[in-house]
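Understanding the architecture of this molecule
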Amino acid sequence: QVQLAESGGGLVQAGGSLRLSCAASGGVFDINAMNWYRQTPGKQRELVATITKDGATNVAGSVKGRFTISRDDAKHTVYLHMNSLKPEDTAVYYCNAFTILTTYWGQGTQVTVSS
């Protein structure tokens, strides 16, 4: 069992920065990878960034150079550092975690970027 708690969303002006946090609890050592997704109403959910258990990272082309994913192993927390935010980054951002058997999802945190 893994529980995920996202935080850090909010309203920010275009060009600004925001850091999202995803704190994992429970069976954290079963997690193979953690990811950030985002979804805008009426659009398909988009994978934004991934970090594997070994620490390898990947970010989507739409945010490459602006977003960074990182992890604090001691705190069992994954971060999404968002810089140079654009209005099109506005979405609900979801943290998820993959284990061998199950995919877990956080509740989502709203990010709104104003122009």
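Anyway, here's the lowdown on the structure attached to this text.

Thresholds, definitions, all that
Residues numbered from 1 in each chain as written. Predicted model: local features only at pLDDT ≥ 70, side-chain atom pairs only at ≥ 80, totals over all residues. Heavy atoms only, no water. Pairing = 2+ DSSP bridges. Helix = DSSP H or I, 4+ residues; strand = E, 2+ residues; numbered from the N terminus. Core = buried A, V, L, I, M, F, W, Y, C linked by side-chain atoms within 4.5 Å. Buried < 20%, exposed > 50% of the residue type's maximum accessible area, 1.4 Å probe, protein only. Contact = heavy atoms within 4.5 Å. Axes fitted to C-alpha atoms, helices over the stretch in contact; angles between N-to-C directions.

Another aspect to go through is the pairing of strand E3 (residues 18–26). In the sheet, strand E1 (residues 2–7) pairs with E3 via six bridges, with the strands oriented antiparallel. Residue pairing in the sheet places Glu-6 in a bridge with Cys-22 of E3. Alignment of E3 against strand E8 (residues 77–82), held across six bridges, turns out to be antiparallel. Note on E8: the bridge partner recorded for Ala-23 is Thr-77.

Counting 30 residues, the largest nonpolar core has Leu-4, Met-34, Trp-36, Leu-80, Met-82 and Tyr-93 as its most contacted members. Sorting the residues of this core by element identifies E1, E3, strand E4 (33–39), strand E5 (46–52), strand E7 (67–72), E8, strand E9 (91–98) and strand E11 (109–114) as the ones contributing at least two each. The residues touching Met-34, leaving out its near neighbours within four places in the chain, are Leu-4, Cys-22, Ala-24, Ala-49, Thr-50, Ile-51, Ile-69, Val-78, Cys-95, Asn-96 and Ala-97.

On to unusual backbone geometry. Here His-76, not a glycine, exhibits a phi torsion of approximately 50 degrees, which is positive. Mapped onto the elements of the fold, His-76 is located in the loop between E7 and E8. On the basis of relative accessibility, which here comes to 31%, the residue His-76 falls in the partly exposed class. The backbone phi angle of Ser-84 is positive, close to 50 degrees, even though this residue is not glycine. Its place among the elements puts Ser-84 in the loop between E8 and E9.

Attention shifts here to the sheet that holds E3. Neighbouring strands of a sheet are bound in pairs by backbone hydrogen bonds; such pairs are parallel or else antiparallel. The sheet built from four strands is open, its strands ordered E1-E3-E8-E7 with antiparallel pairing. Each edge of the open sheet carries a strand with a single partner, namely E1 and E7. Taking each pair of neighbouring strands and ignoring which way they run, the sheet shows an average axis angle of 20 degrees.

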